Amino acid sequence: MNAVDLVIRSGKVVSPDSVIEACVAIKDGIVVAVGAEAAMPSARETLDASGLHVLPGAIDVHVHFRDPGYPHKEDFESGTAAAAFGGVTTVFDMPNTIPPTGTPEILAAKHKMAAEKAHVDFGLYGLLGEDTIEHVPELAKTVIGFKLYMGNTFGAIPTPSTGVTLEAFETVALTGKRVSLHAEENSTMVNRETRMRNAGRVDPLAHLASRPAVVAIEAVSRAAILAEWTGARIHILHISSAEELRPLREAKARGVDITGETCPHYLVLSSEDYARFAGVIRVNPPVREKRNQEPLWAALADGCVDVIATDHAPHSPEEKTRNDIWTVDCGFPGVETQMPIMLTEAAAGRFSVCDYVRWSAASPAKIWGLYPRKGVIQPGAEADIAIVDINREWTIDDAKLQSRSKITPFHGRRMKGLPIHTLVRGRFVMRDRVLARDTRGWGRSVHTIQRLPPPRPQNTDQTMQAILRAAPAGAGERGR
Ligand code: NCD
Ligand code: ZN
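Residues numbered from 1 in each chain as written. Chains lettered and ligands numbered in written order. Predicted model: local features only at pLDDT ≥ 70, side-chain atom pairs only at ≥ 80, totals over all residues. Heavy atoms only, no water.

Engineer: I would appreciate a short explanation of the overall build of the protein in the present structure.
Structural biologist: Within the protein, the regular secondary structure consists of 16 helices and 17 strands. Expected size for 480 residues packed as a compact globule is a radius of gyration near 23 Å; at 22 Å, the protein falls within 12% of this value. When its C-alpha atoms are laid out on the principal axes, the protein stretches across 80 × 55 × 40 Å. For the protein, buried positions account for 60% of its 480 residues. A separation of at least 24 residues holds for 75% of the contacts in the protein among residues at least 6 apart in sequence. (Helix = DSSP H or I, 4+ residues; strand = E, 2+ residues; numbered from the N terminus. Rg over C-alpha atoms; globule rule 2.2 N^0.38 Å. Buried < 20%, exposed > 50% of the residue type's maximum accessible area, 1.4 Å probe, protein only. Contact = heavy atoms within 4.5 Å.)

Structural data, given as C-alpha cells:
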C-alpha cells in the first residue's frame, strides 16, 4: 500500500463489541486499516496513542447552535468548537433559530452558513409544523430529519394540533426521513403554568411541577399511535422519566419504527439539585426526582433507549440567573461534557466503554442511515475519532468551556475521562486540548451520505392528500 496520511499507534480501539489494542491507518479521511503494528503501511505522520482509548467520535443528534438568531448564546463556529473539545464529530442541529428552519430558502442559507463555520460534520433538522408541511418534499432533500414540537419550549415554535401532526406524519412518511419529537403534551403544561403563576409560584421547583411526567407519557403514546398509523419513523428526544419508557417499549414491541434518546442531565442530576443550581438547571423536559435515574440507565442497557444525546441548549448567564423561574431561558450546554460525564460513569463500573460507543456513535449512525460510513472505526469508515484518556481526573469549570454559554449545572463536578484529540475525516480539529486553527469550514453536511431504508407509508388511501385528490370537483361547496 502507498504511504497513508496518519497512523494512530498502540491505542485501545473501541467498538460496541470489543476493545482491542491496535493501530489505525488513515488515508484521505478514510480508515484504511485497523490492526497490528507490523501490518501498518508507512505513514506521513504517526500519533502515539499508548495508554489512550480510540473511540468512534460521538454523534450528537440533538444540539441547538442558535445560528442564525442568537449569536450571544452560540453560533455554528463556537458550537462546533465545543463539539470538537467533547469528542463529538457529528452534530444534528435543531431548527428553533431565527428564522426557524422551515422553508427551502432558509434551509439553503443555513447550509451555507454552517459549511463556512463548522469544525465538525453536521446534519440540519427541518422544522415540521402547520406552516411547513407544504415544504416537506423539498426540505427532505437536504435535511437529516425533521423536528416537531408537541410542547412549548425555547423559541416559541407553535405546537401543532393532533390533526396537523397526523398530516405532518403522513407527509414525512412518504420521504422515509425520521421525525424527532419534543414529546410533552402542551395544554397540560400551559394550564399548570398559568395556574401556578396566578398562585404566585416563581421558585425553581415550580417548573418541574408544571411539566409532570404524564405530559411525556401522553405525548409519547399519542406520537406512537400516529406513527403506527402513518408509517412515519419517529425518535423521542430527551426522555426524562421512568414512566414514558413504557409507551416507548410497547410501541417498539408492536413494531413501530420508534427510537429513543436520553441525556446526561437526566441520568446524573435530580430534583435535589434545584436548590443549588436554581434557574441554571431549568430545562425542558425538567430534570426529575432521583427515582427516575435507575430506570433510565436500565433502559439504555436493555436497548429501549437507543442513544445518548445532549440537547446542548446554550443561554447567557444573565438569561439563566433571573429570580422569577418563568423568565429563565430553558436549557444549558452539554455537547462538550457528555463524553466525560459518561466515561466517568463507565469508570465507576456502571457500564463498559463498549456500551458507551454503542449509545453515542454506532446507534445514532444506524438510526439516521450513516452507518458504516460513520459511527465505527473500521476500514472504509470516515476517520471520525475521539482519542480519550479514561484515567484523567479533572473538574468541570464552566469558565473553561468553548461554548459561549459559560453556565451549566455540571460546574464543579469531578470527572474521570477526557478527550485529548479529536479527528474529523482524518483531520485534527482538536489536538492536545487545543482547537485547530485551520478547521473552521472543514465540517460538512452528512445528508449526502445518508442511506435510509425505503419509506413504508401506511393507510395511504386515507391520508389528507389522498382524500383531497379523490374529492369530486365542487364537493366542498355542496357539502356546506
Ligand atoms: C431547548 C432550547 O433552548 O433550544 N431548551 C430546552 O430546555 N431543552 C429547546 C428544547 O430542546 O426543548
Ligand atoms: Zn426539546
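Engineer: How do you make sense of the site of ligand 1 when you look at a structure like this?
Structural biologist: In the neighbourhood of ligand 1, 15 residues make up the surrounding shell, with R66, N96, T153, N284 and D311 lying closest. H62 places a side-chain nitrogen or oxygen 3.4 Å from an oxygen atom of ligand 1. Contacts to ligand 1 include H315, whose side-chain N or O atom sits 3.3 Å from an oxygen atom. The cavity that encloses ligand 1 is the largest cavity. (Near = heavy atom within 4 Å. Polar contact = N/O pair within 3.5 Å; in protein donor to acceptor, adjacent residues only side chain to side chain. 1 Å grid on protein atoms, 1.4 Å probe; cavity = no way out; pocket = protein on both sides within 12 Å on 5 of 7 lines; lining within 4 Å. Sits in = over half its atoms within 2 Å of the grid points.)

Engineer: Could you clarify how one ought to interpret the pattern of salt bridges in this entry?
Structural biologist: Oppositely charged side chains can pair when the atoms bearing their charge come close. Scanning the entire structure with this criterion turns up 38 salt bridges. With its nearest N and O atoms 2.9 Å apart, the salt bridge here joins E37 to R9. Placement of E37 in the loop between β3 (30–35) and β4 (43–48) and of R9 in strand β1 (residues 4–14) is noted, with a sequence separation of 28 residues between them. Here R414 ties to E393 by a salt bridge, and the two come within 3.5 Å at their closest N and O atoms. Pair noted here: R414 is in strand β15 (residues 414–424) and E393 is in strand β14 (residues 385–395), with a separation of 21 residues, a long-range link. (Salt bridge = Lys/Arg side-chain N within 4 Å of Asp/Glu carboxyl O.)

Engineer: Just checking my understanding: could you explain the sheet that holds strand β8 (residues 121–127) for this structure?
Structural biologist: Where strands meet in a sheet, backbone hydrogen bonds hold them as pairs that are either parallel or antiparallel. Strand order in this open sheet of eight strands is β6-β7-β8-β9-β10-β11-β12-β13, and the pairing throughout is parallel. With partners counted over all chains shown, the strands left at the sheet margins are β6 (58–63) and β13 (307–308), one partner each. As defined by bridge partners, β8 adjoins strand β9 (residues 145–149) across three bridges and the pair is classed as parallel. By the bridge assignment for β9, Y125 is matched with G145. Contacting β6, β10 (178–182), β12 (258–262) and β13, helix α14 (residues 353–367) runs over the sheet at an angle of about 70° to β6. (Pairing = 2+ DSSP bridges. Axes fitted to C-alpha atoms, helices over the stretch in contact; angles between N-to-C directions.)

Engineer: Before we go on, may I ask you to explain unusual backbone geometry in this structure?
Structural biologist: Outside of glycine, negative phi angles account for most residues, and trans bonds account for most peptide bonds. Geometrically, the link from N284 to P285 is a cis peptide bond, its omega value of -15° lying close to zero. Across the junction of Y371 and P372, the peptide omega takes the value 0°, indicating a cis bond. Here P372 lies in the loop between α14 and β14. The phi torsion at H238 lies on the positive side, around 25°, for a residue other than glycine.

Engineer: I tried to follow the domain arrangement of the protein on my own but got confused; where do I start?
Structural biologist: Looking at the assigned domains, one finds that the protein contains domain 1 (6–48) and domain 2 (57–375 + 389–416). When each unit is reduced to the centre of its C-alpha atoms, the spacing between domain 1 and domain 2 is 33 Å. Each side of the interface is counted separately: domain 1 has six residues, and domain 2 has five residues. Taking both partners together, domain 1 and domain 2 bury about 420 Å²; carbon and sulfur atoms supply 83% of that area. Considering only the surface of domain 1 that becomes buried against domain 2, V14, P16 and V19 emerge as the three largest contributors, covering 81% of it. The interface formed by domain 1 and domain 2 contains zero salt bridges. (Domains from an automatic or database assignment. Buried area = accessible area lost by both parts, 1.4 Å probe.)

Engineer: Help me understand the environment of E134, please; the structure alone is not making it clear to me.
Structural biologist: Structurally, E134 is set in the loop between β8 and α3 (136–139). C-alpha separation for the pair E134 and G69, spaced 65 residues apart in sequence, amounts to 24 Å.

Engineer: Sorry if this is basic, but what is going on with helix α11 (residues 293–302) here?
Structural biologist: Along an α-helix, a turn takes 3.6 residues, which lines up residues three or four apart on a common side. Buried residues of α11: Q293, L296, W297, A299 and L300, and no others. Buried residues of α11, seen end-on, are gathered within an arc of 160° and therefore sit on one face of the element. Considering only its buried residues, α11 is in contact with α8 (245–253), β12, α9 (264–268), β13, α13 (338–347) and α14. Looking at the residues trailing α11, positive phi occurs at G303, about 90°. (Arc of directions from axis to C-beta.)

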